[in-house]
Amino acid sequence: MIVVIHSMVLLISGDKMKIMMVGNDNRSQQIKAYLSGKLKQFEIYDYTDKIHPDTKAIILPTPVTSDKKNLNFCIATDRSIKTLIDSAPESCIIIGAGFSHQNVCDLCSRDDFSLSNAIPTAEGAIALLINNTRSTLYKSKILVSGFGRVSRILLNRLSSFGADVTVVIRKNSNHAEIEALGMKAIYFEEMVKYINDFDIVINTVPTMIFNSEILNKAGKNALFVELASNQLGIDVPSIEKLGINYINANGLPGKTAPVTAGEIMAETIVSVFKENNIC
């Protein structure tokens, strides 16, 4: 804006601080709409190969990447993660979910996000099971690996359907709690012995546990579902070679409940902004 006082011209910047959105999927659009309504002092723009020098925050898509090199849901010509991070202004905060990098704030490491996001993840998994199996969940034999946030909510939902649920655990302390909830528990070391008993296998652990040895013992008509997003727990080449039904459900909340998933992310992003004195 230009203001003339007598013969002197003053240049007053009317530019707003910037937030850059990288993704353009339904969840990203919901985040953009939420932040636009909450943070009137910011201008939100999409990444198209250039980063504005006044950018205070960059919001990465979820999942950030499928190949560890390129950005998902990105409309820029250069989708390289390295290019984006290297080009970001020094004072800019980069926010993602399920992506580990020294320059990126991983929302999945925060309890406020992980607990809230576990609900649409679990409900989305239930929808996948119903739509991709020929039998009811009632009395289906289901194996769930892990006893974390997503797993606990998923187990609760599966039990309400009357499924016959078994949980794969590492800690002795979890055994009694799982049995008290009316479910069975086995240890990771026992999976080779029991894996053939299950109609459905759901992984929530971001560590390679369903390797070729275990998959070779699995029932050929079983359905495997991957819910871990940061690092897969199912050996994809092996399961594809064996011809076992497999669904990689990365970014599940954004597919089945994009409005809720976007709001959860946006609320957490605002919290991150406040903690870093951005707003």
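Structural data are supplied above this passage.
Everything quoted here is computed from the prediction, not taken from an experiment. (Residues numbered from 1 in each chain as written. Predicted model: local features only at pLDDT ≥ 70, side-chain atom pairs only at ≥ 80, totals over all residues. Heavy atoms only, no water.)

**Concerning the overall build of the protein**
The secondary structure content of the protein amounts to ten helices and 13 strands. For the protein, the spread of C-alpha atoms along the three principal axes comes to 85 × 35 × 35 Å. Here the protein holds 279 residues, and 48% of them are scored as buried. A separation threshold of at least 6 residues defines the contact pool for the protein, and within that pool the share at least 24 residues apart is 59%. When the accessible surface of the protein is totalled, it reaches about 14300 Å², and 49% of it is carbon and sulfur. (Helix = DSSP H or I, 4+ residues; strand = E, 2+ residues; numbered from the N terminus. Buried < 20%, exposed > 50% of the residue type's maximum accessible area, 1.4 Å probe, protein only. Contact = heavy atoms within 4.5 Å. Areas by Shrake-Rupley, 256 points an atom, 1.4 Å probe, with all protein chains shown as cover.)

**Points about the pairing of strand β11 (residues 200-203)**
Side chains of β11 alternate between two faces, with Ile200 and Ile202 and Val201 and Asn203 buried alike. The sheet contact formed by strand β8 (residues 141-145) and β11 spans four bridges and is parallel. When the bridges of β11 are listed, Ser145 appears paired with Asn203. As judged from the four bridges shared by β11 and strand β12 (residues 223-226), these two strands associate in the parallel manner. Its bridge partner lying in β12, Asn203 is registered against Glu226. (Pairing = 2+ DSSP bridges.)

**Topic: helix α3 (residues 111-132)**
The terminal C-alpha atoms of α3 lie 31 Å apart, and with 22 residues this matches the ideal 32 Å at 1.5 Å per residue to within 8%. At Ala118, α3 shows its maximal kink, close to 30°; a proline, Pro120, follows between one and four residues later. Among the residues making up α3, those that are buried are Phe113, Ser114, Asn117, Ala118, Pro120, Thr121, Ala122, Gly124, Ala125, Ile126, Leu128 and Leu129. (Expected span 1.5 Å × (residues − 1). Bend = angle between axes of the 7 residues up to and from the residue.)

**Some thoughts on the pattern of salt bridges**
As enumerated under the stated definition, the model contains nine salt bridges in all. Ionic pairing is found between Asp112 and Arg110, a salt bridge with its closest N-O pair at 2.9 Å. Taking relative accessible area as the criterion, Arg110 reaches 15% and is therefore assigned buried. The partner of Asp111 in a salt bridge is Arg149, and the shortest N-O contact between them spans 2.2 Å. (Salt bridge = Lys/Arg side-chain N within 4 Å of Asp/Glu carboxyl O.)

**Remarks on the packing of α3 against helix α4 (residues 149-160)**
Across the interface, α3 lies against α4 with an axial gap of 8 Å and an inter-helix angle of 40°. Considering their axes alone, α3 and α4 lie oblique with respect to each other. Relative to α4, α3 is oriented so that their crossing is right-handed. Two secondary-structure elements touch here, α3 through Asp111, Ser114, Leu115, Ala118, Ile119, Thr121, Ala122, Glu123, Ala125, Ile126 and Leu129 and α4 through Arg149, Val150, Ile153, Leu154, Arg157 and Leu158. A per-class count over the contact of α3 with α4 returns eleven nonpolar, two polar and four charged. (Axes fitted to C-alpha atoms, helices over the stretch in contact; angles between N-to-C directions. Parallel < 35°, antiparallel > 145°, perpendicular 65-115°, else oblique. Left-handed = near helix turned anticlockwise from the far one by under 90°. Nonpolar A, V, L, I, M, F, W, Y, C, P; charged D, E, K, R; others polar.)

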